[in-house]
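Results of the structural survey
One letter stands for each residue in the lines below.
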Amino acid sequence: MAICIEFKLIKVCGTLATYQYGECLKEMDGLFEVDVYKLMTGEIAGDTPMSEVVRLLPSATKSEFMAYRAFRKIRNYYAEHGEYPAQGGYYA
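These numbers were taken from a predicted model, which means no experiment stands behind them.

1. Considerations on the sheet that holds strand β2 (residues 16-23)
- Taken together, five strands build an open sheet; the order of strands is β4-β3-β2-β1-β5 and the sheet is antiparallel. Each edge of the open sheet is held by one strand with a lone partner, namely β4 (55-56) and β5 (87-91).
- Where strand β3 (residues 30-34) meets β4, two bridges bridge the pair, whose relative direction is antiparallel. Residue E33 lies in a different strand from β4, and its bridge partner there is R55.

2. Some remarks on the side chain of D35
- In this fold, D35 is placed in the loop between β3 and α1 (36-41).
- At 2.7 Å, the side chain of D35 forms a polar contact with the side chain of T15.
- At a separation of 3.1 Å, a polar atom in the side chain of D35 contacts the main-chain amide nitrogen of K38.

3. Some remarks on the pairing of β2
- In terms of strand pairing, strand β1 (residues 4-13) meets β2 through eight bridges, oriented antiparallel. Along β2, the bridge assignment pairs E6 with G22.
- As consecutive antiparallel partners, β1 and β2 are separated by two residues, and within that stretch G14 has a phi angle of approximately 70°, a positive value.
- Looking at chain direction, β2 and β3 are connected through five bridges and run antiparallel.

4. So, the nonpolar core
- Judged by nonpolar contacts, the single largest core of 19 residues is most densely connected at Y19, F32, V34, V36, I74 and Y84.
- If you list the elements that add at least two residues to this core, you get β1, β2, β3 and α3 (64-81).
- Of all the elements, α3 adds the most residues to this core, at six residues.

Conventions used here
- Residues numbered from 1 in each chain as written.
- Predicted model: local features only at pLDDT ≥ 70, side-chain atom pairs only at ≥ 80, totals over all residues.
- Heavy atoms only, no water.
- Pairing = 2+ DSSP bridges.
- Helix = DSSP H or I, 4+ residues; strand = E, 2+ residues; numbered from the N terminus.
- Polar contact = N/O pair within 3.5 Å; in protein donor to acceptor, adjacent residues only side chain to side chain.
- Core = buried A, V, L, I, M, F, W, Y, C linked by side-chain atoms within 4.5 Å.
- Buried < 20%, exposed > 50% of the residue type's maximum accessible area, 1.4 Å probe, protein only.

Shown next as structure tokens:
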């Protein structure tokens, strides 16, 4: 079974980014916050639980698994470009 997740940057406040995510070709009704900058600089320890790094917002109806997959793509993009991607996806 294929996995297809899309994500879109909603806003950035300082170094904290809010993303919307969901299954491809469906409504993106999940929301999470992440601060990749603090993770990369060590302000957030590398051994911090993923649930504290990727914070699902109360209105999020999608799974943590999907948010974590989107986060991996966002982190990799941030590491390469030094900024948050405006949108993207995870396909497997």
